[in-house]
Amino acid sequence: MTIVLAQPPTEPVEWPDEVWQPIMEGLSWLLWFAIITCIAALFVCGAMFVNQRKSTGTQVVEDATLARILICAAIIGSASGIAKAVLA
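Residues numbered from 1 in each chain as written. Predicted model: local features only at pLDDT ≥ 70, side-chain atom pairs only at ≥ 80, totals over all residues. Heavy atoms only, no water.

A description of the state of the cysteines should follow, citing residues and the corresponding values.
One pass over the full model with this rule turns up zero disulfides. Cys 45 forms no disulfide, and the closest cysteine sulfur to it belongs to Cys 72, at a distance of 9.9 Å. Looking at the unpaired Cys 72, the closest cysteine sulfur is the one in Cys 38, lying at 9.4 Å. (Disulfide = S-S within 2.5 Å.)

Please give an account of helix α1 (residues 17–54) that cites residues and values.
Under the 1.5 Å per step criterion, the end-to-end length of α1 is 55 Å for 38 residues, consistent within 8% with the ideal 56 Å. Within α1 the residues assigned to the buried category are Leu 31, Ala 34, Ile 35, Cys 38, Cys 45, Phe 49 and Gln 52. (Helix = DSSP H or I, 4+ residues; strand = E, 2+ residues; numbered from the N terminus. Expected span 1.5 Å × (residues − 1). Buried < 20%, exposed > 50% of the residue type's maximum accessible area, 1.4 Å probe, protein only.)

An account of the environment of Ala 67 is requested, with residue identities and associated values reported.
Following the sequence through the fold, Ala 67 ends up in helix α2 (residues 63–87). Relative accessible area serves as the criterion here: at 29%, Ala 67 is assigned to the partly exposed category. Between the C-alpha atoms of Ala 67 and Gln 7, which are 60 residues apart in sequence, the distance is 54 Å.

Pasting the structure below:
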């Protein structure tokens, strides 16, 4: 005779609002921080591009590196905005 002591739940387990609310609020703050950081990165990298093009001195950062940072900031900022819309 076999006795089954535990079985997996037949329905998905839903967390109460006391658990979900702090998680969702933390994610919301994190997404806003990511969006603001990406916008700041776009401004800083754009300003460095302009500065390096106008000056004849040494480059602070290579143009290819700045381009990669700009592209990554745009992608992360877009993804953060999409995630913010999905979580709302």
